[in-house]
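# Secondary and tertiary structure notes
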Amino acid sequence: MNRSTLFRAAVAAAGVSLLAACGGNASADGEEKKPSSSSAGSTPSAADAFTVTHVGGPTAVLEIAGQCILIDPTFDTPKKYKSGMSKTKGPAFGPEKLGKIDAVLLSHDQHDDNLDGKGREVLKDIPVVFSTPGAHKRLGDHITPMKSWEERELKSSGSTIKVTAVPALHGPDGVDRGADGEVTGFVLSGKGVPTTYVSGDNASVKVAKQVGDRIKKDIGAIDTAILFAGAARTPAILDNAPLTLTSKNAALVAKDLNPRKVVPIHTDSWDIYSEDIKSLVNAFKEQGVDDKLVDLEPAGEKKNLS
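Okay, so let's go over this structure. Residue numbers run consecutively from 1 along every chain, following the written order of its sequence. The predicted nature of this model means local features are confined to residues of pLDDT at least 70 and side-chain atom pairs, given and counted, to a pLDDT of 80 or more, with totals for whole chains, interfaces and linings taken over all residues. Excluding hydrogens and water, the side-chain values take into account all heavy atoms of the structure.

## Re the sheet that holds strand β11 (residues 185-189)
The strands making up a sheet are joined through hydrogen bonds of the backbone, oriented either antiparallel or parallel. Strands were regarded as paired on the criterion that DSSP finds at least two bridges between them. Only DSSP runs of H or I with at least four residues qualify as helices, and only runs of E with at least two residues qualify as strands; both kinds are numbered from the N terminus onward. One open sheet accounts for six strands, arranged β9-β10-β11-β12-β13-β14; its pairing is mixed. Across the chains shown, the open sheet's two edge strands, defined by having one partner strand only, are β9 (151-155) and β14 (261-265). Strand-to-strand twist of the sheet, defined as the mean angle between neighbouring strand axes without regard to direction, takes the value 20°. The pairing of strand β12 (residues 196-198) with strand β13 (residues 224-228) spans three bridges and is parallel. Note that in β13 the partner of Thr-196 across the bridge is Thr-224. In this description, a line fitted to the C-alpha atoms serves as the axis of each element, helices being fitted only across the stretch in contact, and the angle between N-to-C directions of two axes falls anywhere from 0 to 180 degrees.

Printed below as a string of C-alpha coordinates:
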(Lines give C-alpha, C1' and ligand atoms only; values in the text may rest on other atoms or scores of the structure.)
Protein backbone atom coordinates (compact mmCIF):
# COMPACT_ATOMS: atom_id res chain seq x y z
CA MET A 1 0.00 0.00 0.00
CA ASN A 2 1.58 3.35 -1.04
CA ARG A 3 1.58 6.60 0.96
CA SER A 4 -1.31 8.07 -1.00
CA THR A 5 -3.49 5.05 -0.33
CA LEU A 6 -2.54 5.07 3.34
CA PHE A 7 -3.45 8.75 3.61
CA ARG A 8 -6.85 8.21 1.97
CA ALA A 9 -7.51 5.33 4.34
CA ALA A 10 -6.63 7.49 7.33
CA VAL A 11 -8.99 10.24 6.16
CA ALA A 12 -11.77 7.74 5.61
CA ALA A 13 -11.23 6.35 9.10
CA ALA A 14 -11.37 9.86 10.54
CA GLY A 15 -14.69 10.46 8.81
CA VAL A 16 -16.13 7.26 10.26
CA SER A 17 -14.98 8.19 13.75
CA LEU A 18 -16.59 11.59 13.41
CA LEU A 19 -19.83 9.99 12.30
CA ALA A 20 -19.79 7.80 15.41
CA ALA A 21 -18.79 10.56 17.83
CA CYS A 22 -20.86 13.54 16.71
CA GLY A 23 -24.36 12.74 17.91
CA GLY A 24 -27.05 14.41 19.97
CA ASN A 25 -29.26 17.43 19.52
CA ALA A 26 -28.82 20.94 20.82
CA SER A 27 -30.73 24.18 20.98
CA ALA A 28 -29.78 27.79 21.55
CA ASP A 29 -33.05 28.73 23.27
CA GLY A 30 -32.39 26.91 26.51
CA GLU A 31 -34.72 24.02 25.68
CA GLU A 32 -33.18 20.65 26.34
CA LYS A 33 -33.73 18.12 23.57
CA LYS A 34 -33.65 14.36 23.70
CA PRO A 35 -30.78 12.63 22.00
CA SER A 36 -31.37 11.36 18.50
CA SER A 37 -31.39 7.67 17.73
CA SER A 38 -27.87 8.00 16.30
CA SER A 39 -26.53 9.02 19.74
CA ALA A 40 -28.74 6.83 21.94
CA GLY A 41 -25.96 4.31 22.39
CA SER A 42 -23.31 6.83 23.41
CA THR A 43 -21.06 5.70 26.24
CA PRO A 44 -20.25 7.89 29.26
CA SER A 45 -16.72 8.38 27.90
CA ALA A 46 -18.16 10.09 24.79
CA ALA A 47 -19.47 12.93 26.96
CA ASP A 48 -15.97 13.45 28.35
CA ALA A 49 -14.26 13.46 24.95
CA PHE A 50 -12.40 16.62 23.97
CA THR A 51 -11.07 16.38 20.43
CA VAL A 52 -10.44 18.46 17.33
CA THR A 53 -10.43 17.42 13.69
CA HIS A 54 -8.93 19.85 11.19
CA VAL A 55 -10.76 19.79 7.84
CA GLY A 56 -8.68 22.51 6.14
CA GLY A 57 -8.17 26.28 6.28
CA PRO A 58 -10.25 27.64 9.18
CA THR A 59 -12.58 24.64 9.24
CA ALA A 60 -12.47 22.27 12.19
CA VAL A 61 -14.78 20.01 14.17
CA LEU A 62 -14.59 20.37 17.94
CA GLU A 63 -15.98 17.57 20.08
CA ILE A 64 -16.55 19.01 23.54
CA ALA A 65 -18.78 18.11 26.50
CA GLY A 66 -20.68 15.55 24.46
CA GLN A 67 -21.49 17.98 21.65
CA CYS A 68 -19.94 18.49 18.23
CA ILE A 69 -19.28 22.00 16.97
CA LEU A 70 -18.21 22.98 13.46
CA ILE A 71 -16.02 26.05 13.00
CA ASP A 72 -16.18 28.17 9.80
CA PRO A 73 -17.34 25.57 7.23
CA THR A 74 -15.42 25.54 3.93
CA PHE A 75 -15.89 22.43 1.78
CA ASP A 76 -15.37 23.58 -1.83
CA THR A 77 -12.82 21.91 -4.06
CA PRO A 78 -10.01 24.16 -5.36
CA LYS A 79 -11.31 27.11 -7.41
CA LYS A 80 -11.01 30.85 -7.95
CA TYR A 81 -13.72 33.12 -6.55
CA LYS A 82 -15.24 36.36 -7.79
CA SER A 83 -13.58 38.07 -4.83
CA GLY A 84 -10.21 37.31 -6.45
CA MET A 85 -9.00 34.82 -3.86
CA SER A 86 -8.36 31.19 -4.75
CA LYS A 87 -8.78 27.96 -2.86
CA THR A 88 -5.66 25.90 -3.52
CA LYS A 89 -6.51 22.65 -1.71
CA GLY A 90 -9.72 20.77 -1.06
CA PRO A 91 -10.99 19.67 2.37
CA ALA A 92 -9.73 16.53 4.07
CA PHE A 93 -13.25 15.13 3.71
CA GLY A 94 -16.64 16.31 2.50
CA PRO A 95 -19.76 17.30 4.45
CA GLU A 96 -21.14 13.76 4.17
CA LYS A 97 -18.46 12.65 6.66
CA LEU A 98 -19.37 15.18 9.33
CA GLY A 99 -21.97 13.15 11.16
CA LYS A 100 -24.27 14.96 13.59
CA ILE A 101 -23.20 18.56 14.17
CA ASP A 102 -24.91 20.36 17.04
CA ALA A 103 -23.85 23.92 16.21
CA VAL A 104 -21.66 26.10 14.02
CA LEU A 105 -19.38 28.87 15.21
CA LEU A 106 -19.19 31.15 12.17
CA SER A 107 -16.68 33.96 12.66
CA HIS A 108 -18.13 35.82 9.66
CA ASP A 109 -19.79 35.19 6.32
CA GLN A 110 -18.41 37.92 4.03
CA HIS A 111 -15.24 36.16 2.88
CA ASP A 112 -14.99 32.94 0.89
CA ASP A 113 -12.12 31.54 2.95
CA ASN A 114 -14.35 31.42 6.04
CA LEU A 115 -17.62 30.41 4.38
CA ASP A 116 -17.53 29.05 0.85
CA GLY A 117 -20.27 27.73 -1.43
CA LYS A 118 -20.55 24.22 0.01
CA GLY A 119 -20.11 25.66 3.49
CA ARG A 120 -23.27 27.71 2.95
CA GLU A 121 -25.12 24.54 2.01
CA VAL A 122 -23.90 22.85 5.19
CA LEU A 123 -25.40 25.62 7.33
CA LYS A 124 -28.90 24.73 6.16
CA ASP A 125 -28.76 21.33 7.85
CA ILE A 126 -27.39 22.42 11.24
CA PRO A 127 -29.84 23.47 13.98
CA VAL A 128 -27.82 26.28 15.54
CA VAL A 129 -25.46 28.76 13.86
CA PHE A 130 -23.84 31.49 15.95
CA SER A 131 -22.38 34.46 14.09
CA THR A 132 -22.36 38.24 13.73
CA PRO A 133 -25.39 40.54 13.47
CA GLY A 134 -24.34 41.23 9.86
CA ALA A 135 -24.40 37.52 9.05
CA HIS A 136 -27.94 37.35 10.43
CA LYS A 137 -29.00 40.14 8.07
CA ARG A 138 -27.36 38.54 5.05
CA LEU A 139 -28.08 34.86 5.69
CA GLY A 140 -31.43 35.04 7.46
CA ASP A 141 -33.11 33.99 10.68
CA HIS A 142 -31.35 30.63 10.76
CA ILE A 143 -28.36 32.58 12.09
CA THR A 144 -28.29 33.46 15.80
CA PRO A 145 -26.70 36.95 15.90
CA MET A 146 -24.33 37.71 18.75
CA LYS A 147 -22.74 40.99 19.72
CA SER A 148 -19.47 41.05 21.64
CA TRP A 149 -19.85 39.66 25.18
CA GLU A 150 -23.36 38.43 24.49
CA GLU A 151 -24.02 34.91 25.80
CA ARG A 152 -26.12 31.96 24.66
CA GLU A 153 -26.58 28.45 25.96
CA LEU A 154 -26.10 25.39 23.81
CA LYS A 155 -27.96 22.53 25.49
CA SER A 156 -28.16 18.82 24.92
CA SER A 157 -29.42 15.99 27.08
CA GLY A 158 -25.97 15.62 28.61
CA SER A 159 -24.42 19.07 28.83
CA THR A 160 -24.83 22.82 28.71
CA ILE A 161 -22.17 24.87 26.95
CA LYS A 162 -22.14 28.61 27.45
CA VAL A 163 -21.19 30.35 24.21
CA THR A 164 -19.82 33.88 24.60
CA ALA A 165 -19.15 36.09 21.58
CA VAL A 166 -15.89 37.99 22.01
CA PRO A 167 -14.23 40.84 20.10
CA ALA A 168 -12.05 40.23 17.05
CA LEU A 169 -10.29 42.77 14.84
CA HIS A 170 -9.93 41.78 11.18
CA GLY A 171 -6.90 43.97 10.54
CA PRO A 172 -4.29 46.15 12.28
CA ASP A 173 -4.96 47.95 15.56
CA GLY A 174 -6.80 51.22 15.09
CA VAL A 175 -8.39 50.28 11.75
CA ASP A 176 -12.15 50.09 11.24
CA ARG A 177 -13.05 48.19 8.07
CA GLY A 178 -16.77 48.67 8.56
CA ALA A 179 -19.21 45.93 7.60
CA ASP A 180 -16.59 44.10 5.51
CA GLY A 181 -14.42 43.63 8.58
CA GLU A 182 -17.15 42.61 11.02
CA VAL A 183 -15.97 39.38 12.68
CA THR A 184 -16.39 37.65 16.00
CA GLY A 185 -14.54 35.22 18.18
CA PHE A 186 -16.10 32.85 20.69
CA VAL A 187 -15.45 31.36 24.11
CA LEU A 188 -16.98 28.04 25.18
CA SER A 189 -17.32 27.35 28.90
CA GLY A 190 -19.49 25.74 31.56
CA LYS A 191 -19.56 22.93 34.10
CA GLY A 192 -17.40 20.12 32.79
CA VAL A 193 -16.52 22.18 29.69
CA PRO A 194 -12.84 23.00 29.04
CA THR A 195 -12.80 26.79 28.58
CA THR A 196 -11.99 27.21 24.91
CA TYR A 197 -11.17 30.42 23.04
CA VAL A 198 -11.84 30.51 19.28
CA SER A 199 -10.15 33.65 17.97
CA GLY A 200 -11.88 34.00 14.60
CA ASP A 201 -10.16 36.23 12.05
CA ASN A 202 -8.53 38.42 14.68
CA ALA A 203 -5.18 40.02 13.83
CA SER A 204 -4.66 41.96 17.06
CA VAL A 205 -2.56 40.82 20.00
CA LYS A 206 -4.08 43.66 22.01
CA VAL A 207 -7.64 42.51 21.38
CA ALA A 208 -6.78 38.89 22.19
CA LYS A 209 -5.16 40.03 25.44
CA GLN A 210 -8.27 42.01 26.38
CA VAL A 211 -10.40 38.95 25.72
CA GLY A 212 -8.06 36.76 27.75
CA ASP A 213 -7.99 39.15 30.70
CA ARG A 214 -11.77 39.35 30.87
CA ILE A 215 -12.29 35.60 30.47
CA LYS A 216 -9.74 34.84 33.18
CA LYS A 217 -11.53 37.29 35.47
CA ASP A 218 -15.12 36.26 34.72
CA ILE A 219 -14.77 32.53 33.95
CA GLY A 220 -11.27 31.32 34.76
CA ALA A 221 -8.15 30.10 33.04
CA ILE A 222 -8.34 29.35 29.32
CA ASP A 223 -7.74 25.66 28.75
CA THR A 224 -7.46 25.65 24.96
CA ALA A 225 -7.02 28.39 22.34
CA ILE A 226 -7.98 27.82 18.71
CA LEU A 227 -6.03 30.52 16.89
CA PHE A 228 -6.65 31.66 13.31
CA ALA A 229 -3.21 32.50 11.96
CA GLY A 230 -1.67 32.51 8.48
CA ALA A 231 -1.22 36.32 8.27
CA ALA A 232 -3.89 36.60 5.58
CA ARG A 233 -3.17 39.45 3.16
CA THR A 234 -4.64 40.90 0.00
CA PRO A 235 -3.24 43.89 -1.93
CA ALA A 236 -6.70 45.43 -2.22
CA ILE A 237 -7.15 45.80 1.54
CA LEU A 238 -5.05 48.03 3.82
CA ASP A 239 -1.96 47.92 1.60
CA ASN A 240 -1.43 44.20 2.15
CA ALA A 241 -1.46 44.48 5.95
CA PRO A 242 -2.05 41.20 7.84
CA LEU A 243 -5.76 40.57 8.40
CA THR A 244 -5.25 37.61 10.74
CA LEU A 245 -2.55 36.77 13.28
CA THR A 246 1.00 36.59 12.01
CA SER A 247 3.02 33.65 13.27
CA LYS A 248 4.87 35.89 15.72
CA ASN A 249 1.67 37.46 17.00
CA ALA A 250 -0.01 34.07 17.39
CA ALA A 251 2.94 33.03 19.56
CA LEU A 252 2.64 36.23 21.60
CA VAL A 253 -1.07 35.57 22.12
CA ALA A 254 -0.31 32.03 23.25
CA LYS A 255 2.34 33.32 25.65
CA ASP A 256 -0.01 35.93 27.13
CA LEU A 257 -3.15 33.79 27.40
CA ASN A 258 -1.14 30.79 28.57
CA PRO A 259 -3.65 28.09 27.58
CA ARG A 260 -2.81 24.44 28.14
CA LYS A 261 -3.18 23.71 24.41
CA VAL A 262 -3.09 25.79 21.22
CA VAL A 263 -4.83 24.58 18.06
CA PRO A 264 -3.48 26.50 15.02
CA ILE A 265 -5.83 26.75 12.04
CA HIS A 266 -6.34 29.10 9.05
CA THR A 267 -2.81 28.54 7.66
CA ASP A 268 -3.45 26.37 4.59
CA SER A 269 -5.63 25.77 1.52
CA TRP A 270 -6.05 29.40 0.40
CA ASP A 271 -3.76 31.75 -1.54
CA ILE A 272 -4.28 34.69 0.83
CA TYR A 273 -2.18 33.19 3.62
CA SER A 274 1.31 34.68 3.64
CA GLU A 275 2.68 32.48 6.44
CA ASP A 276 2.37 28.72 6.89
CA ILE A 277 2.44 26.25 9.74
CA LYS A 278 6.25 25.94 9.57
CA SER A 279 6.74 29.64 10.29
CA LEU A 280 4.19 29.39 13.09
CA VAL A 281 6.03 26.49 14.73
CA ASN A 282 9.28 28.45 14.50
CA ALA A 283 7.67 31.51 16.09
CA PHE A 284 6.28 29.41 18.93
CA LYS A 285 9.73 27.94 19.51
CA GLU A 286 11.23 31.43 19.69
CA GLN A 287 8.69 32.39 22.38
CA GLY A 288 9.17 29.13 24.26
CA VAL A 289 5.55 28.00 23.89
CA ASP A 290 5.88 25.35 21.17
CA ASP A 291 5.03 22.63 23.71
CA LYS A 292 1.45 23.96 23.68
CA LEU A 293 0.93 23.37 19.95
CA VAL A 294 -1.37 20.60 18.77
CA ASP A 295 -0.03 18.90 15.63
CA LEU A 296 -3.01 18.68 13.27
CA GLU A 297 -1.32 16.63 10.55
CA PRO A 298 -2.61 14.81 8.68
CA ALA A 299 -5.74 16.86 8.08
CA GLY A 300 -8.86 14.84 8.74
CA GLU A 301 -7.43 12.90 11.67
CA LYS A 302 -9.06 13.37 15.07
CA LYS A 303 -6.68 14.76 17.72
CA ASN A 304 -7.19 14.35 21.45
CA LEU A 305 -7.12 17.61 23.44
CA SER A 306 -7.67 16.09 26.90
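## Examining helix α5 (residues 205-218)
Under the convention used throughout, the expected extent of a helix is 1.5 Å for every residue step, that is, one less than its residue count. Between its terminal C-alpha atoms α5 stretches 20 Å, which fits the 20 Å expected from 14 residues at 1.5 Å a residue. Only protein chains enter the accessibility calculation, which uses a 1.4 Å probe; a residue whose area is less than 20% of its type maximum is buried, one above 50% is exposed, and one in between is partly exposed. Taken as a whole, α5 has its buried residues at Val-207, Ala-208, Val-211, Gly-212 and Ile-215. Within α5, the buried residues cover an arc of 135° as seen down the axis, which keeps them to one side. Away from its buried face, by an angle of more than 90 degrees, α5 presents the exposed residues Lys-206 and Lys-217. The elements touched by buried residues of α5 are β10 (160-166), β11, β12 and α6 (247-257). At the N-terminal end of α5, a side-chain oxygen is found 3.2 Å from the backbone nitrogen of Lys-206, two or three residues along, and the residue is Ser-204. Following α5 by one or two positions, Gly-220 has its phi on the positive side, about 135°. By construction, the arc corresponds to the directions joining the helix axis to the C-beta atoms. Working rule for contacts: check all heavy atoms of both residues, and any pair within 4.5 Å makes them a contact. N or O atoms closer than or at 3.5 Å make up a polar contact, with two conditions inside protein: a donor-capable atom paired with an acceptor-capable one, and, for residues adjacent in sequence, both atoms drawn from side chains.

## Remarks on unusual backbone geometry
In this structure, the amide linkage connecting Glu-297 to the following residue, Pro-298, adopts the cis form with an omega of -5°. Mapped onto the elements of the fold, Pro-298 is located in the loop between α7 (277-286) and β15 (302-304). The residue Ala-65 is not glycine, and still its phi comes out positive at about 50°. Relative to the elements of secondary structure, Ala-65 occurs in the loop between β2 (59-64) and β3 (67-71).

## Regarding the sheet that holds strand β1 (residues 50-56)
Read across the sheet, seven strands follow the order β8-β7-β6-β3-β2-β1-β15 without closing on themselves; strand pairing throughout is mixed. The open sheet has two edge strands, β8 (143-145) and β15, and neither has a second partner. For this sheet, the mean inter-axis angle between neighbouring strands, taken without regard to orientation, is 25°. Strand direction decides the pairing type here: strand β7 (residues 129-131) and β8, joined by three bridges, are parallel. In the strand pairing of β8, Val-129 is matched with Ile-143.

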